[in-house]
Amino acid sequence: MTKVMPLAKRGISNSRLALGCMPFGGGWDAEPFTEQHVKEAEAAVEAALSIGITMFDHADIYTKGKAEQVFGRVLQARPDLREQIVIQSKCGIQLGEGDLPGRFNFSKEHILHSVDGNLERLGIDYLDVLLLHRPDPLVEPEEVAEAFAKLKSSGKVRYFGVSNMSASQIKFLQQAIPDSFAVNQLEMSLNHLHFVDHVVHVNQQAGTEVNFAEGLMEYCRTEDIQLQAWSPLAQGKFSGRDIKDEPKHIQQTAQLVQQMAADKETTAEAIVLGWLMYHPAMIQPIIGTSNPERIKACADAERQASLMTRDEWYTLYVSARGTLLP
Ligand SMILES: NC(=O)c1ccc[n+]([C@@H]2O[C@H](COP(=O)([O-])OP(=O)(O)OC[C@H]3O[C@@H](n4cnc5c(N)ncnc54)[C@H](OP(=O)(O)O)[C@@H]3O)[C@@H](O)[C@H]2O)c1
């Protein structure tokens, strides 16, 4: 059965991987970005394009706006690029400042103001996709709807989506918002297994330790909402990072991944991502490495997903869980 990813069904993107731009622009401090940061971002974008990645993930807050500014510089140097790629950004988180703690804000005013900031920093006229970054308990769906309607009619945003949300939170928003959400971005990886564990732990004592909204995977699959995985490389835990302080089952899983990669003449990154992409939801990993060689090491992921067997998938899953299935 040939499967098509939800973003492709909607005509938004057929990029099986996306590049997360969170590291661009240096640190999360008040220091401005440098020309060296622009060069590093250019090299990462070139490496991504060279392996067929045409979707890029941002947020207003990444490196306090510098990630978007630096990406804007990359686009400035290559004006042809804008129409060849899909740019996704996010709003809704306000970083702590002074006495104010970090907080969430889905007010109409904040959303509209944030998108103007996204566009200005990126130096572009429209975002392909805008995500609400994290659920705001004070949300009024009608207010979000008004903001989205304005963004759509002015041509500033083409598609909308969410991040870190449950099915009921999505349904609550969608009652007021006519455009169906295109994306839900969540943490999913061999190191963050709740998205699978919640399925196998129904009616089990172990299920009380699983923190994943009931029915979310099924809802997104039914509604053709693209599931995107953040931190899909598990920050390198299974692909070469120093993990001597990690639990034994993580170290054993890293060995297993590396052995599989050697046997299949591929990279550990391709196995780790291929494991995620084997899932029938057609998950789109948002890889967060900015190292051009590591980006290129992800090139074989889709092929490895297509070659992976059900037994290999379960072997990796059970190893990374550290406990046998019920
Ligand atoms: N929606 C949300 O709430 C949310 C939250 C977090 C992130 N995100 C998005 O998801 C993207 C990816 O997130 P992520 O960066 O956490 O995920 P990741 O892709 O799992 O990890 C990338 C990080 O791990 C490091 N790394 C990878 N392999 C390594 C190795 N073998 N040895 C040493 N270091 C290694 C990378 O360093 P190098 O750069 O040196 O390779 C980079 O810092 C972000 O860019 C962002 O777009 C979204």
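Keep in mind that what you see is a predicted model, and the values were worked out from it rather than measured.

## Structural notes on the pattern of salt bridges
No. 1: For the structure on display, the rule yields 17 salt bridges.
No. 2: When the shortest N-O distance is used, the salt bridge between lysine 108 and glutamate 146 registers 3.2 Å. With lysine 108 in helix 4 (residues 108–122) and glutamate 146 in helix 5 (residues 141–153), this pair connects stretches of sequence that are 38 residues apart.
No. 3: The salt bridge involving aspartate 300 is made with arginine 303; its shortest N-O contact spans 2.7 Å.
No. 4: Here aspartate 300 falls in the buried class, since its relative accessible area comes to 16%.
No. 5: Arginine 303 gets classed as partly exposed once you look at its relative accessible area, which sits at 45%.
No. 6: Because the salt bridges share partners, they merge into one network encompassing Glu46, Arg78 and Asp80.

## Thoughts on the sheet that holds strand 3 (residues 86–91)
No. 1: Read around the closed barrel, eight strands run 1-2-3-6-7-8-9-10, paired in parallel fashion. Adjacent strand axes in the sheet meet at a mean angle of 30 degrees when their direction is disregarded.
No. 2: Where strand 3 and strand 6 (residues 127–132) come together, four bridges link them in parallel fashion. Looking at strand 6, one finds that lysine 90 is bridged to leucine 131.
No. 3: Contacts from helix 5 reach strand 6 and strand 7 (157–163), with the element oriented near 145 degrees to strand 7.

## A short note on unusual backbone geometry
No. 1: A positive phi angle, near 50 degrees, is found at serine 231, a position not held by glycine.
No. 2: Among the secondary structure elements, serine 231 is positioned in the loop between strand 9 (226–230) and helix 9 (248–263).

## Structural notes on helix 2 (residues 35–50)
No. 1: Taking 1.5 Å of rise per residue, 16 residues should cover 22 Å, and helix 2 covers 22 Å from first to last C-alpha, within 8% of that figure.
No. 2: On its buried side, helix 2 packs onto strand 1 (18–20), strand 2 (55–57), helix 3 (66–77) and helix 11 (292–296).
No. 3: Backbone geometry just downstream of helix 2 places glycine 52 in the positive-phi region, at approximately 90 degrees.

## Quick notes on the layout of surface pockets
No. 1: The volume enclosed by the largest pocket comes to roughly 580 Å³.
No. 2: In this structure, the largest pocket is lined by 30 residues; those nearest its centre are Met22, Ser231, Gln235, Ile286 and Gly288.
No. 3: Its residues assigned to classes, the lining of the largest pocket comprises twelve nonpolar, twelve polar and six charged.
No. 4: Of the volumes computed, that of the second largest pocket is approximately 350 Å³.
No. 5: What lines the second largest pocket is a set of 15 residues, and nearest its centre among them are Asp60, Ile93, His110, His113 and Arg121.
No. 6: When residues in the lining of the second largest pocket are grouped by element, the largest group, seven residues, is from helix 4.

## Thoughts on the environment of proline 232
No. 1: Residue placement: proline 232 occurs in the loop between strand 9 and helix 9.
No. 2: Sequence-distant contacts of proline 232, that is, excluding residues within four places in its chain, are made with Met188, Ser189, Val272, Leu273, Leu276, Pro285, Ile286 and Ile287.

## Remarks on the packing of aromatic side chains
No. 1: All told, the structure shown has ten aromatic pairs when counted by the stated rule.
No. 2: On the basis of an interplanar angle of 50 degrees and a centroid distance of 5.4 Å, the ring pair of phenylalanine 56 and phenylalanine 71 is categorised as tilted. Taken together, the positions of phenylalanine 56 in strand 2 and phenylalanine 71 in helix 3 put the pair 15 residues apart, joining distant regions of the chain.
No. 3: Phenylalanine 56 gets classed as buried once you look at its relative accessible area, which sits at 0%.
No. 4: Their ring planes at 75 degrees and their centres at 6.0 Å tell us that phenylalanine 195 and tryptophan 275 sit as a pair that is edge-to-face. Separated by 80 residues along the polypeptide, phenylalanine 195 in helix 7 (residues 194–200) and tryptophan 275 in helix 10 (residues 268–278) bring together distant segments of the chain. In this pair, the class of phenylalanine 195 matches that of tryptophan 275, namely buried.
No. 5: Taken together, the ring pairs in this structure connect Phe195, Trp275, Tyr278, Trp313, Tyr314 and Tyr317 into an aromatic cluster.

## A word on the packing of helix 10 against helix 13 (residues 310–321)
No. 1: One way to put it is that helix 10 packs onto helix 13 with a least axis distance of 10 Å and a crossing angle of 110 degrees. Classified by the interaxial angle, the pair formed by helix 10 and helix 13 is roughly perpendicular. As helix 10 runs across helix 13, the sense of the crossing is left-handed. Residues Ile271, Trp275 and Tyr278 of helix 10 lie in contact with helix 13, whose contacting residues are Arg310, Trp313, Leu316 and Tyr317.
No. 2: Of the residues assigned to the contact of helix 10 with helix 13, the class counts are six nonpolar, no polar and one charged.

## Some thoughts on the site of the ligand
No. 1: Every one of the 28 residues lining the ligand counts as a neighbour, but Asp57, Ser231, Gln235, Thr289 and Arg294 are closest to it.
No. 2: For the ligand, an oxygen atom lies 3.4 Å from a polar atom in the backbone of methionine 22.
No. 3: The contact in question runs from an oxygen atom of the ligand to an N or O atom on the backbone of proline 232, over 3.5 Å.
No. 4: Taken by itself the ligand offers 900 Å² of open surface, and the protein chains cover 83% of this.
No. 5: Of the residues belonging to the shell around the ligand, the class tally is nine nonpolar, 14 polar and five charged.

Parameters and conventions
Residues numbered from 1 in each chain as written. Predicted model: local features only at pLDDT ≥ 70, side-chain atom pairs only at ≥ 80, totals over all residues. Heavy atoms only, no water. Salt bridge = Lys/Arg side-chain N within 4 Å of Asp/Glu carboxyl O. Helix = DSSP H or I, 4+ residues; strand = E, 2+ residues; numbered from the N terminus. Buried < 20%, exposed > 50% of the residue type's maximum accessible area, 1.4 Å probe, protein only. Pairing = 2+ DSSP bridges. Axes fitted to C-alpha atoms, helices over the stretch in contact; angles between N-to-C directions. Contact = heavy atoms within 4.5 Å. Expected span 1.5 Å × (residues − 1). 1 Å grid on protein atoms, 1.4 Å probe; cavity = no way out; pocket = protein on both sides within 12 Å on 5 of 7 lines; lining within 4 Å. Points joined across faces, edges and corners; volume = space filled by probe spheres on them. Nonpolar A, V, L, I, M, F, W, Y, C, P; charged D, E, K, R; others polar. Phe/Tyr/Trp six-rings, centres within 6.5 Å; stacked < 30°, edge-to-face > 60°. Parallel < 35°, antiparallel > 145°, perpendicular 65-115°, else oblique. Left-handed = near helix turned anticlockwise from the far one by under 90°. Near = heavy atom within 4 Å. Polar contact = N/O pair within 3.5 Å; in protein donor to acceptor, adjacent residues only side chain to side chain. Areas by Shrake-Rupley, 256 points an atom, 1.4 Å probe, with all protein chains shown as cover.

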